[in-house]
Amino acid sequence: MPKSFYLRLALANVRRSRQVYMPYAFATAIISGVYFLILAMIFSPGLANLPGGETAKAIFTAGIVVFTLFAYFFMLYINAFLVKRRKKEFGLYSVLGMNRKQIAAIVVRENLIVMGAGVLLGVALGAVLGRLLFLLLLHIMRATVAGSTFVLPRAAFFGTVALFLASFISTALYNSVSIHIANTAELLKSDRQSEKRPRLVLPAAILGLLLLLSAYTVAAIIKNMGLALGLFFPAAFIVIIATYLLFGAGCTAFLTMLRKNKQLYYKPENFIAISSMFHRMRQNARGLATICVLSTMLIVTVAGTSSLYLGQEEILRANHPYDVRIYMNPAEGGEEPSYARIDELIGQLAAEHYVTADGAEHKLKYTQVNEQDEPGYVMVGEDASVIKLKHAVIINRMLRFDIAGVEEDAERFAAALKQALGQEFPHTEFNWSTIYDARVEGYGIFGGLLFLGAFFGVLFLALTVLMIYFKQVTEGQEDKERFEILQKVGMSDEAVRSTINRQILWVFFLPLAGALCHTLAASSMIATMLEAFQLFNRSLTMCCMLVTAAVFALTYFFVYRQTASVYYRLVRQ
Amino acid sequence: MELLRIDHVRRVFNTRLGFKQCIALRDISFEVCEGEFVAIMGPSGSGKSTLLNIIASLDKPSSGDIYLSGKGLKAIPERELSAFRRDNLGFVFQEFNLLDTLTLRDNILLPLVLARVPLAELEARLIPVARQLGIEELLDKFPYEVSGGEKQRTAVARAVITNPKLLLADEPTGALDSRASANLLGQFRALNEKGHTLLMVTHSALAASHAGRVLFIRDGELFNQLYRGEDNNRAFYERITASLLVLEDGGTDA
């Protein structure tokens, strides 16, 4: 057979299955677009030149590792999910006289077409949106546009292509192998493959429940931030295992219990719903659990990073109780700097320091008070609204003070002091730590984290939507036959409709309910964990969780509405 | 006593663009009495499946009507049709049409549950039917765990558990091997002897030879009919095959 024949067949298949392939390509596009953008940010010289840019870059670099793993494994997962549904079709090809190699050739080309289209679209979108997102990142990091240009780095193209080559080659291998090992008869009837009766349902369900409760309890009682930080990922891991166990065995056990209650079960409104849920949970438990886990990750990531971003001023303040901290380190055997001289210097500088922020000139006054029992000095400006140097304290060679007022003036003052001190005490090393530098650094860290959180949010959302959509489509095809039988046996149209409604509602809101439940249980632990980052504003964290969860729930509902209509169309053709 | 009357039924399908009409049933009339076992035979495309769908109220005739116990199906409003089907008719299909999400027990009980039969009665009605069809031991299995013949007997159990006035079977032996077919047909006769009225569409002369009367349809019209009379299965089978020969010939050389 000529090579172009495979391509033609593959194209025809893609066109025919566009209901499945279009979203697949779109998801690929979103994932590759986001991947491309993160890479572009990392490799763009514009970012590195920014104040705090190096930090943001380091965060992106750490993020891309995790992102690569997620993207890669999900591409494989989705492919496996799609191929499983097509075994019958492959069997048909085989009956029509194609050998396995030829079937594999077609399937691999289909993948190439769909994934290639997805990557092209994604990179194109990334290239178009890159500049816009870079400006947004600058805004988030509160950096000015001047001096930082955004160019699309070549490395971003190569990186994206490399990721997708890797996933393409892996899916191609997986598909070829799974086509090769099956025999034709098996392929033909694989869609009505007899299911194994689940075993060890009750123990697994109880184990899942115990794991979940223990993780929830840990999350609820931990008040030590160090412990919270250390235990968060183990706890999350246990919750993930528990989710899979509960969606599988837990639901089966629960539905078995319902089925045993004959009064309840043998009612028309429950009969079909319970039995098909039973069947569906056995088949789809893993997919639903995955949706639940992804949704939880999305909420936690976005809420966590936005809490940090919104709370960064508080974090900064907690890390820097004083605006300026100067640690004096006299040279070996050198002279201790005289505190009195330092006070004098500060006084002089403050007196010399004219502030012109509001157009008028303001001179700082130097006053001396006793601050508790420690020797300390307070300087108060004439106009408190402009600049105020307050609470200068020297303890154990540490000079600390706050400067209130216009930030540039304060920075200028700090810089002047630094210079004066250096000249006055040449043998003393001064270690400076100002809140201004930390703030710029903070914008890099928290802005970068927020950005990364949003990227991960997009990734998780794309995967969640795709999973939901595929579930609707494949189940719609399966259920069509079932509902036809029910109508033949004498189920009324309305009854069929209400049964469909109930099932969709349950199947699709179970993962959401699970995700919200996990989020609720984790919220206290996350707030405690963020305390390790010096974010002590628990209500801010809770608020972020609430808003993120609410926005996600709304999005989920919208996606559900859209995909449910696809399902209805399939079932009621 | 007359149970079912097919009164000048005609069914015309419009092709997609409506340019051409396809006549599936030209003009068919016949009656089925209570307690009869009637087989309908005919070559592919003769309209026998269309006829069965119309009798089953799954399809509507273009003209003419069906009367079950004197009641015209046309007069039944759409939303009451499913209840009417459930209460009066039982179906057995070639492809079994069992729900793979239900155990055999629940598949059989399905029409009763839909009709809101009380729980206590479910079991009482299930056991004799399952026993008669020899699937008592399999009730807790799922359809994919049993053989084709067992699936079909389950489908028969589901069809008769409501005590329908009329049992309709569409190629019930089409997907079965010869032993399972013989077993199923034996069950049909047993049901018939217990007073059930059966109407079966089939391709197989062997299957039809179990019936009391065979109707032959060709090109949407009733072509011929045979009564068993005093014949045994063997003799009836030979008469049916002879008749089929004439039917397949198209009567051109006559």
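Here's the deal with the overall build of chain A
Working step 1: Counting secondary structure elements, chain A contains 18 helices and six strands.
Working step 2: Counting only residues that meet the buried cut, chain A has 44% of its 573 residues in that class.
Working step 3: The long-range share in chain A, meaning contacts at least 24 apart out of those at least 6 apart in sequence, stands at 79%.

With respect to the overall build of chain B
Working step 1: The helix and strand inventory of chain B stands at eight helices and ten strands.
Working step 2: Taking 254 residues into account, the globule formula puts the C-alpha radius of gyration at 18 Å, and chain B, at 18 Å, falls close to it.
Working step 3: Evaluated residue by residue, chain B yields a buried proportion of 41% over its 254 residues.

A few points about helix α4 (residues 119-133) of chain B
In an α-helix, one full turn covers 3.6 residues, which means residues spaced three or four apart are oriented alike.
Working step 1: Counted at 1.5 Å a residue, the expected span for α4 of chain B with its 15 residues is 21 Å, and the 22 Å between its end C-alpha atoms agrees.
Working step 2: Immediately downstream of α4 of chain B, the backbone of G134 of chain B shows phi near 70 degrees, a positive value.

Side note on the nonpolar core
Residues and elements named next belong to chain A.
Working step 1: I38 and L459 are the most contacted members of the largest nonpolar core, which totals 210 residues.
Working step 2: The dominant element in this core, judged by the number of residues it contributes, is helix α16 (residues 435-489), at 22 residues.
Working step 3: Here this core gathers at least three residues from each of two domains, domain 1 (1-192) and domain 2 (202-316 + 437-573).
Working step 4: Discounting chain neighbours no more than four positions away, the residues touching I38 are F60, G63, I64, F67 and F455.
Working step 5: I342, I346, L349 and F401 belong to the second largest nonpolar core, which has 13 residues in total.

A few points about the interface of chain B and chain A
Interface size is commonly expressed as the accessible area that is lost once the parts come together.
Working step 1: The interface of chain B with chain A comprises 22 residues on the first partner and 20 residues on the second.
Working step 2: Elements represented by at least two residues in the side of chain B that touches chain A include exactly α2 (78-88), α3 (104-114) and α4 of chain B.
Working step 3: Sort the elements by how many residues they give to the side of chain B that touches chain A and α3 of chain B lands first, with six residues.
Working step 4: Of the residues contributing to the side of chain B that touches chain A, the split by class is 13 nonpolar, three polar and six charged.

Overview of the packing of helix α4 (residues 53-84) of chain A against α16 of chain A
Residue and element names in this part refer to chain A.
Working step 1: Running from amino to carboxyl end, α4 crosses α16 at an angle of 10 degrees, the nearest separation of the two axes being 8 Å. Between α4 and α16, the angle falls in the class roughly parallel. Of α16, the residues touching α4 (which contributes G53, T55, A56, I59, F60, G63, F67, F70, A71, F74, I78 and F81) are E441, G444, I445, G447, G448, L449, L452, F456, L459, L463, L466 and F470.
Working step 2: Of the residues in the contact of α4 with α16, the class split is 17 nonpolar, six polar and one charged.

A short note on the confidence of the model for chain B
Working step 1: Per-residue confidence for chain B averages 86 on the pLDDT scale, and 97% of its residues sit at or above 70.
Working step 2: Both scores are available for the predicted complex, with the pTM at 0.78 and the ipTM at 0.77.

Quick notes on unusual backbone geometry
Residue and element names in this part refer to chain A.
Working step 1: If you check the backbone angles, Q534 has positive phi at about 70 degrees while not being a glycine.
Working step 2: Note that Q534 resides in the loop between α17 (493-531) and α18 (538-571).
Working step 3: Overall, the presence of 16 C-beta atoms within 10 Å leaves Q534 in the partly exposed class.

Re the packing of helix α12 (residues 268-310) of chain A against α18 of chain A
Residues and elements named next belong to chain A.
Working step 1: In the contact formed by α12 and α18, the axes pass within 8 Å of each other and the chain directions differ by 140 degrees. Viewed along their axes, α12 and α18 adopt a mutual orientation that is oblique. Considering only the axes of α12 and α18, their crossing is right-handed. When α12 is examined against α18, the residues S295, L298, I299, V302, A303, S306, S307 and L310 are found in contact with a partner set consisting of L540, T541, C544, M545, T548, A549 and F552.
Working step 2: Partitioning the contact of α12 with α18 into residue classes produces ten nonpolar, five polar and no charged.

Overview of the environment of L51 of chain B
Residues and elements named next belong to chain B.
Working step 1: Inspection of the secondary structure assignment puts L51 in helix α1 (residues 48-55).
Working step 2: A count of 28 C-beta atoms within 10 Å places L51 in the buried class.
Working step 3: In this structure, the C-alpha to C-alpha distance between L51 and A24, residues 27 residues apart in sequence, is 8.6 Å.

Looking at the environment of F73 of chain A
All names here are of chain A.
Working step 1: With respect to the helices and strands, the residue F73 is situated in helix α4.
Working step 2: Assessed through the 12 C-beta atoms surrounding it within 10 Å, F73 is described here as exposed.
Working step 3: Separated by 97 residues in sequence, F73 and S170 have C-alpha atoms that sit 9.8 Å apart.

A few points about the pairing of strand β4 (residues 63-68) of chain B
One face of the sheet, then the other: side chains in a regular strand alternate in exactly this way.
Residues and elements named next belong to chain B.
Working step 1: Where strand β1 (residues 2-14) meets β4, five bridges bridge the pair, whose relative direction is antiparallel. By the bridge assignment for β4, R5 is matched with Y67.
Working step 2: Counted between consecutive antiparallel strands, the loop separating β4 from strand β5 (residues 71-72) contains two residues, among which S69 sits at a positive phi close to 50 degrees.

With respect to the pairing of strand β7 (residues 166-170) of chain B
Residues and elements named next belong to chain B.
Working step 1: Where burial is concerned, most of β7 is hidden: five out of the five residues are buried.
Working step 2: A two-sided burial pattern is seen for β7, the buried positions comprising L166, L168 and D170 on one face and L167 and A169 on the other.
Working step 3: Bridge count between strand β6 (residues 89-92) and β7: four bridges; the pairing is parallel. Pairing of G90 across the sheet is with L167, part of β7.
Working step 4: Handedness of the crossover joining β7 and strand β8 (residues 197-202) through helix α6 (residues 178-193): right-handed.

Side note on the confidence of the model for chain A
All names here are of chain A.
Working step 1: Taken over all residues, the pLDDT of chain A has a mean of 80, while the share at 70 or more is 85%.
Working step 2: Helix α9 (residues 201-221) holds the highest mean pLDDT among the elements of chain A, 91, whereas strand β3 (residues 376-381) holds the lowest, 45.
Working step 3: pLDDT under 50 marks residues 355-387. Its contacts with residues more than four places away, or in other chains, come to 68 contacts.

Quick notes on the rules
Residues numbered from 1 in each chain as written. Chains lettered and ligands numbered in written order. Predicted model: local features only at pLDDT ≥ 70, side-chain atom pairs only at ≥ 80, totals over all residues. Helix = DSSP H or I, 4+ residues; strand = E, 2+ residues; numbered from the N terminus. Buried ≥ 20, exposed ≤ 12 C-beta atoms within 10 Å, placed from the backbone. Contact = placed C-beta atoms within 7 Å. Rg over C-alpha atoms; globule rule 2.2 N^0.38 Å. Expected span 1.5 Å × (residues − 1). Core = buried A, V, L, I, M, F, W, Y, C linked by C-beta atoms within 7 Å. Domains from an automatic or database assignment. Nonpolar A, V, L, I, M, F, W, Y, C, P; charged D, E, K, R; others polar. Axes fitted to C-alpha atoms, helices over the stretch in contact; angles between N-to-C directions. Parallel < 35°, antiparallel > 145°, perpendicular 65-115°, else oblique. pLDDT = per-residue confidence, 0-100. Left-handed = near helix turned anticlockwise from the far one by under 90°. Pairing = 2+ DSSP bridges. Right-handed = clockwise from strand over helix to strand, strands pointing away.

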